[in-house]
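# Structural description and commentary
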Amino acid sequence: MIEEKYLERLLVKPGKKLKLTDFYTGWAQSNALREAGKEAVKEQAAEILEESRAALAEAQELLWADKQYSILVILQGMDTSGKDGTIKHVLSGVNPQGCRVMSFGVPTNDELHHTFLWRFWKAMPRRGEIGIFNRSYYEDVLVPKVHPVILEEQQLPPGYGSDAFWEARYEDIRAFERHHHANGTIILKFFLNISKEEQKERLLSRLKTEKKQWKFSLSDLTERQYWSHYQAAYEEAIFQTSTDDAPWYVIPADYKWVARTLVADIIVRAISRLDLRYPEISAEEMKEIEKARIHLESE
Ligand code: AMP
Ligand code: MG
């Protein structure tokens, strides 16, 4: 497991304003790590990720058997920040039956005829499940905040785009998460924090690598021009919505192995804190099981 002190630094304390530039995006979060050297840290991270994957597979079985809680993992981040890869690597050992990944793109026409939270309600994980949101309702306080013109096409009542309008959206999100938490959903939110330089490298690699070209979208370049606007929108959204019940973690993401190891560790810890047990079998049920065994064996 990762030392608690490293995780504490990633957690956004409720009510505290943040500057994303205060968060580290690299692999050496401390002098101790720096002294150990990149290769040693990477090796250790790989071991921890492997352990976490196994622990997650086990924890998920328990979650499924227990059927009281669900886990919602929200992944947000700029284009190329590694959301898809993190999902693939962190969840690779988990039973697909108890796990659902939902990706959210530009809302459809039908979705736009409802309120912004509508499409997320039904996508929420059922009790016993781990749900992953690859992008989420947070896009609704990011993309249209950076490009207010988008709101004009959404048939919203007068007043959209004002400060009060955004305040109301943050409050809606807090209330949505409060409601789900109170009903047994453990919510973990990760912002994959990459530097602008690293994004440039990753976009270039997308353009130059044949197997990656399909991932490139021209909008990645246009949105990159709004980098500082997005950073500001993220800072505000994270500040407004990091709560004890649904905390935000700012994950250093310039190195994929760092981000994956941290995300996996934080999810495993959250499930372990639930202290789940397999359902107890009563003496009565035990007798039934025993009878069934004898019956089958005597066939
Ligand atoms: P990708 O994750 O590469 O498939 O891209 C999905 C795109 O949909 C991203 O550019 C998102 O910003 C965009 N998107 C997702 N949700 C919304 C939303 N509510 N409003 C506007 N754009 C959105
Ligand atoms: Mg994209």
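Described below are features of the structure shown in this document. Because the structure is a prediction, the values reported are computed rather than measured.

Rules used throughout
Residues numbered from 1 in each chain as written. Chains lettered and ligands numbered in written order. Predicted model: local features only at pLDDT ≥ 70, side-chain atom pairs only at ≥ 80, totals over all residues. Heavy atoms only, no water. Pairing = 2+ DSSP bridges. Helix = DSSP H or I, 4+ residues; strand = E, 2+ residues; numbered from the N terminus. Axes fitted to C-alpha atoms, helices over the stretch in contact; angles between N-to-C directions. Contact = heavy atoms within 4.5 Å. 1 Å grid on protein atoms, 1.4 Å probe; cavity = no way out; pocket = protein on both sides within 12 Å on 5 of 7 lines; lining within 4 Å. Points joined across faces, edges and corners; volume = space filled by probe spheres on them. Nonpolar A, V, L, I, M, F, W, Y, C, P; charged D, E, K, R; others polar.

Pairing within the open sheet is parallel, and its five strands lie in the order β2-β3-β1-β4-β5. Edge positions in the open sheet fall to β2 (99-103) and β5 (248-252), since each of these has one partner strand only. Averaged over neighbouring strand pairs, the angle between their axes works out to 20 degrees when direction is ignored. Where strand β4 (residues 185-193) meets β5, five bridges bridge the pair, whose relative direction is parallel. Looking at β5, one finds that Asn193 is bridged to Pro252. Its contacts with the sheet put helix α4 (residues 83-90) on β1 (70-77), β2, β3 (130-134) and β4, and the angle it makes with β1 is roughly 145 degrees. Across the sheet, helix α11 (residues 227-241) lies against β1, β4 and β5, angled at about 155 degrees from β4, the strand it touches most.

Here the focus is the environment of Ala233. Along the chain, Ala233 falls in helix α11. Distance in space between the C-alpha atoms of Ala233 and Pro144 is 9.9 Å, their sequence separation being 89 residues.

Here we take up the layout of surface pockets. In this structure, the largest pocket occupies an estimated 730 Å³ of space. Among the elements of the structure, α4, α9 (196-208), α10 (218-224) and α12 (256-272) are those that each provide at least two residues to the lining of the largest pocket. The element contributing the most residues to the lining of the largest pocket is α4, with five residues. When grouped by side-chain class, the residues that make up the lining of the largest pocket number three nonpolar, 11 polar and 14 charged. One number sums up the size of the second largest pocket: a volume of about 560 Å³. Lining the second largest pocket we find 21 residues, and of these Val106, Glu139, Val143, Ile150 and Tyr230 sit closest to its centre. The set of elements that each furnish at least two residues to the lining of the second largest pocket consists of α7 (143-146) and α11.

Distances and angles like these do not, on their own, reveal function.
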